[in-house]
Amino acid sequence: QIPKDPTQRWLRELTALSQQLQQVHPNVLAKILKERTVYQNEELVVIDKPYGLPVHGGPGIKNCIADVLPILAKMLENMKADPLHLCHRLDKETTGVMVLARSKEAAEKIRLLFKTRQVEKIYWAIVLGDPDPVEGIVEIPIVEKEVQSHQSHYKMTLAPNYRLCPEDGKVVKIRKNRNAESAVTRYRRLAGASACSLLELQPITGVKHQIRVHLAYGLGCPILGDHKYSHWSKLAPQKLPELTLRRLKLEQSKARHLPLHLHAHRLCLPLGQPLDFVCKPPLFFQKTLRKLELDIPKD
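Residues numbered from 1 in each chain as written. Predicted model: local features only at pLDDT ≥ 70, side-chain atom pairs only at ≥ 80, totals over all residues. Heavy atoms only, no water.

### Overview of the overall build of the protein
Secondary structure assignment for the protein yields seven helices and 14 strands. Computed over the C-alpha atoms, the radius of gyration of the protein is 20 Å, within 12% of the 19 Å expected from 2.2 N^0.38 for a compact globule of 299 residues. Counting only C-alpha atoms, the protein reaches 70 × 55 × 45 Å along its principal axes. Expressed as a percentage of the 299 residues in the protein, the buried residues total 48%. For the protein, restricting intrachain contacts to residue pairs at least 6 apart in sequence, the fraction spanning at least 24 positions comes to 64%. Entry remark: accessible area of the protein is about 16100 Å², with carbon and sulfur atoms responsible for 50%. Distance between charge centroids for the protein: 4 Å, based on 46 positive and 31 negative side chains. (Helix = DSSP H or I, 4+ residues; strand = E, 2+ residues; numbered from the N terminus. Rg over C-alpha atoms; globule rule 2.2 N^0.38 Å. Buried < 20%, exposed > 50% of the residue type's maximum accessible area, 1.4 Å probe, protein only. Contact = heavy atoms within 4.5 Å. Areas by Shrake-Rupley, 256 points an atom, 1.4 Å probe, with all protein chains shown as cover. Lys, Arg positive; Asp, Glu negative; His and termini not counted. Charge placed at Lys NZ, Arg CZ, Asp CG, Glu CD.)

### Section: the side chain of Gln-286
If you trace the backbone, Gln-286 turns up in helix α7 (residues 283-291). Setting aside residues no more than four positions away along its own chain, Gln-286 makes contact with Lys-280 and Pro-281.

### Quick notes on the UniProt feature "domain: Pseudouridine synthase RsuA/RluA-like" (unreviewed entry) in the protein
Under the feature "domain: Pseudouridine synthase RsuA/RluA-like" (unreviewed entry), the UniProt entry names residues 44-216. Along residues 44-216, the helical share is 18% and the strand share 38%, with 34 Å between the first and last C-alpha atoms. (UniProt positions renumbered as here; feature names shortened; annotations may be inferred.)

### Thoughts on the packing of aromatic side chains
Counted by the stated rule, this structure contains four aromatic pairs. Ring centres 6.0 Å apart and planes at 75° place the aromatic pair Tyr-217 and Trp-232 in the edge-to-face group. Remark: Trp-232 occurs in the loop between α5 (210-218) and α6 (242-248) and Tyr-217 occurs in helix α5; sequence separation between them is 15 residues. Among the aromatic residues, those joined into a ring-pair cluster are Tyr-217, Tyr-229 and Trp-232. (Phe/Tyr/Trp six-rings, centres within 6.5 Å; stacked < 30°, edge-to-face > 60°.)

### Notes on a nonpolar patch on the surface
Residues Tyr-162, Leu-164 and Val-171 make up a contiguous nonpolar surface patch of roughly 340 Å² in combined accessible area. For Leu-164, the location among the structural elements is in strand β9 (residues 162-164). (Patch = residues over 30% accessible without salt bridge, like charges linked within 9 Å, V, L, I, M, F, W, Y side chains within 5 Å. Salt bridge = Lys/Arg side-chain N within 4 Å of Asp/Glu carboxyl O.)

### Things to note about the pattern of salt bridges
Applying the stated criterion to the full structure yields twelve salt bridges. When the shortest N-O distance is used, the salt bridge between Glu-35 and Lys-31 registers 3.9 Å. With a gap of four residues between them, Glu-35 and Lys-31 both fall in helix α2 (residues 26-35), about one helical turn apart. By relative accessible area, which is 47% here, Lys-31 ends up partly exposed. Here Asp-276 and Arg-266 are joined by a salt bridge, their closest N and O atoms 3.0 Å apart. Of the two residues, Asp-276 is situated in strand β14 (residues 273-278) and Arg-266 in strand β13 (residues 262-271); the sequence distance between them amounts to ten residues. Through salt bridges with shared partners, a single network forms among Asp-91, Arg-212 and Asp-226.

### Considerations on the side chain of His-88
Relative to the helices and strands, His-88 resides in the loop between β3 (85-86) and β4 (95-101). A relative accessible area of 13% places His-88 in the buried class. In this structure the side chain of His-88 is engaged in a polar contact, spanning 2.9 Å, whose partner is the backbone nitrogen of Val-99. (Polar contact = N/O pair within 3.5 Å; in protein donor to acceptor, adjacent residues only side chain to side chain.)

### With respect to helix α4 (residues 104-115)
Given a rise of 1.5 Å per residue, twelve residues ought to cover 16 Å, and the 16 Å separating the end C-alpha atoms of α4 matches this to within 8%. Considered for burial, the residues of α4 that qualify are Ala-106, Ala-107, Ile-110, Leu-113 and Phe-114. All buried residues of α4 fall inside an arc of 125° around its axis, so they share one side. Opposite the buried face of α4, at more than 90 degrees from it, the exposed residues are Lys-104, Glu-105, Leu-112 and Lys-115. (Expected span 1.5 Å × (residues − 1). Arc of directions from axis to C-beta.)

In structure tokens form, the structure reads like this:
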């Protein structure tokens, strides 16, 4: 049954997003990834990663990219093809450009480029609010901490090197957290409307959940649909501004169905001559941009 009401239909699509790829046969998943191949040569294969698909397996995960790499390699090449290799990771909810290598040597070469920060990565995100200033760099170390609440859980969070002294308002340097990793994200606003913004992001470092944490806790602009990092102490759906709910034609009680709007838009690999890959945002992301009246910049 496809609902006639467009709002109901949109909600149904959003709800189905994360579940879809967990229910298909691994051969079907490999075929989907094959159709989403944007580039290949003798060293690498570039895919447009779909939403809700984890890169690695884990508890409760039936399908992941790592598991279907041998099948995908055979579909792309021939029956004797070696399995493909992962070169980097994207979060389960992140869509867009992902690089796979055809051999161990190629994988190691590409991983080294990522590690030594020679790969230029550009993401797009729809966020709540407006970053102030509209363009800049967030450079705050990140650490994983346990959240003590009625449901204890772990989150990445900021571990700043400075704080304001409550007595006199002076800036004081604090002792470095030994486990914190340095994290740097460049950002600039591309468009703003409906109490939201479209941002272009360039993570200079590659810490787990870095973009999500820097936007939510560093700039106070959590990514639309990021239910994990929109609060600190509780696990609850993101609270959306009235205007945003109106434009999306959603009630707050249905906000939990909103997917994370974070997309790996562009990636530039310096392999011999630089290779530049671009993936358009997925349909749900484009629909949200239209509903919020955020104008996509022309590339």
